[in-house]
Amino acid sequence: MEALLATVAPRVVVNVTSDGVDWAITADGSIRMATAKLGIRLVHVSSDAVFSGIGKTRYDETCAPVPITPYGAAKAADETSVLLLCPDGVADHTSLIIGDGGYHRERVVHELAANEREGVLFTDGIRCPVHAADLAAGLWKLAASTETGVFHLAGTDALSRYSLSVLSARRDGIAPSLLPVGRRADTRLLGALDVRLGSHATQHRLGIRLRGAREFLDMR
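Description of the structure in this document. Residues take numbers from 1 onward in each chain, read along the sequence in its written order. A pLDDT threshold of at least 70 governs which residues receive local features in this predicted model, and a stricter bar of 80 or more applies before side-chain atom pairs are shown or counted, although totals over entire chains, interfaces and linings include all residues. Excluded from the side-chain calculations are hydrogens and water; all other atoms, namely the structure's heavy atoms, are used.

## A word on the overall build of the protein
Next up, step 1: The number of helices and strands found in the protein is 10 helices and 12 strands.
Next up, step 2: C-alpha atoms define the radius of gyration, and 2.2 Å times the number of residues to the power 0.38 defines the globule rule. Here the protein has a C-alpha radius of gyration of 18 Å; the compact-globule value for 220 residues is 17 Å, and the two agree.
Next up, step 3: With the C-alpha coordinates of the protein rotated into their principal frame, the extents come out at 55 × 40 × 35 Å.
Next up, step 4: Looking at the 220 residues of the protein, the share that counts as buried comes to 47%.
Next up, step 5: The contact criterion used throughout is that any non-hydrogen atoms of two residues lie within 4.5 Å. Counted over contacts in the protein with a minimum sequence separation of 6, partners at least 24 positions apart contribute 81%.
Next up, step 6: The sign given to each residue is positive for Lys and Arg and negative for Asp and Glu; His and the chain ends receive no count. By convention, charge coordinates are those of NZ in Lys, CZ in Arg, CG in Asp, or CD in Glu. Averaging the coordinates of the 24 positive side-chain charges in the protein and doing the same for the 25 negative ones gives two points 3 Å apart. Helix and strand assignments follow DSSP, with helices taken as H or I runs no shorter than four residues and strands as E runs no shorter than two, numbered in order from the N terminus. Each residue's exposure class comes from its accessible area (1.4 Å probe, protein chains only) as a fraction of the maximum for that residue type: buried when under 20%, exposed when over 50%, partly exposed otherwise.

Dropping the structure here:
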């Protein structure tokens, strides 16, 4: 990785490296980029999974990571290391990413409605979904800026995965009644139930507007 970066010599790297709970990739991979030594600006994409949702639900840009899952711990480790090694870089927390029909979570809605996939959509797991275009615009702003520290690029609407999927299904002409419903609290799955990223400071600093899912999935 160091040899590749030295050869390409980019001005900035937007790091989206992740492989779930594989620590060597998700956590160590970001450190191995060695961007600080090469003088490359780093925009590091992290996750709302670094927060626990225990004791509070709204997390702004000043909140420190408190992970409760292996994936969250790996993402917390990589962003902490990046901020220490690259003091002129940024770490960005984002949430569920939605596009215009082709993203993984949108395909899952189609597969669940058609009984092509097992599973349910939780009504008690709250997040702040972001449109891919808004996320990309925010990352581009960060890449071109001299900003440092922690930013949040997430939508303004706090929705459960089920509510988000209902909006996605209606946009795509799928009857919401076909979607299987459940509660995460009734399973043994690890993870925070309610994590809402506050992005007010980020929007103000970057001069951007992050839409809520009700807006970017509204087909009226």
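## Observations concerning the environment of Ala74
Next up, step 1: As for its placement among the helices and strands, Ala74 is situated in helix H5 (residues 70-85).
Next up, step 2: Ala74 sits 51 residues away from Trp23 along the chain, and the two C-alpha atoms are 6.0 Å apart.
Next up, step 3: Other than its neighbours up to four places away in sequence, Ala74 contacts Trp23, Thr26 and Ala27.

## Remarks on the pairing of strand S4 (residues 90-94)
Where a strand is regular, its side chains alternate between the two sheet faces.
Next up, step 1: Taking burial as the measure, the 5 residues of S4 include 5 buried ones, the bulk of the element.
Next up, step 2: Neither face of S4 is left uncovered, since the one carrying Val90, Asp92 and Thr94 and the one carrying Ala91 and His93 both have all their residues buried.
Next up, step 3: The pairing criterion is simple: DSSP has to find at least two bridges between the two strands. By the bridge criterion, 5 bridges tie strand S2 (residues 41-47) to S4 in an arrangement that is parallel. The partner of Val43 across the bridge, within S4, is Val90.

## Things to note about the sheet that holds strand S1 (residues 12-15)
Next up, step 1: Read from one edge of the open sheet, 4 strands run S1-S2-S4-S9, paired in parallel fashion. Two strands close off the open sheet at either side, each with one partner strand: S1 and strand S9 (149-153). Across the sheet, the mean angle separating the axes of adjacent strands is 20° when strand polarity is ignored.
Next up, step 2: Each axis is a line fitted through C-alpha atoms, and for a helix only the stretch in contact is used; angles between axes span 0 to 180 degrees, taken between their N-to-C directions. The strands touched by H5 within the sheet are S2, S4 and S9, with S2 carrying the most contacts at an inclination of about 160°.
Next up, step 3: Of the strands in this sheet, S1, S2, S4 and S9 touch helix H7 (residues 132-144), which is tilted by about 150° from S2.

## Things to note about the nonpolar core
Next up, step 1: Among the nonpolar cores identified, the biggest contains 13 residues, and Val43, Leu139, Leu142 and Leu153 are the most heavily contacted of them.
Next up, step 2: Of the residues forming this core, the biggest block, 4 residues, is contributed by H7.
Next up, step 3: Think of a nonpolar core as a cluster: buried Ala, Val, Leu, Ile, Met, Phe, Trp, Tyr and Cys residues, connected wherever their side-chain atoms sit within 4.5 Å. If you look at the next biggest cluster of nonpolar residues, it comprises 10 residues, including Phe51, Cys63, Val195 and Leu197.

## Regarding the pattern of salt bridges
Next up, step 1: Each reported salt bridge corresponds to a side-chain nitrogen of Lys or Arg within 4 Å of a carboxyl oxygen of Asp or Glu. Counted according to the given criterion, the structure contains 11 salt bridges.
Next up, step 2: Of the charged contacts in the structure, one is a salt bridge between Arg205 and Glu147, with a shortest N-O distance of 2.6 Å. Of the two residues, Arg205 is situated in helix H9 (residues 200-206) and Glu147 in the loop between H7 and S9; the sequence distance between them amounts to 58 residues.
Next up, step 3: With a relative accessible area of 40%, Arg205 lands in the partly exposed category.
Next up, step 4: Residue Arg183 pairs with Asp186 through a salt bridge whose shortest N-O separation is 2.8 Å.
Next up, step 5: Judged by its relative accessible area of 57%, Asp186 is exposed.
Next up, step 6: Each of Glu106, Arg171 and Asp172 takes part in one network of salt bridges that share partners.

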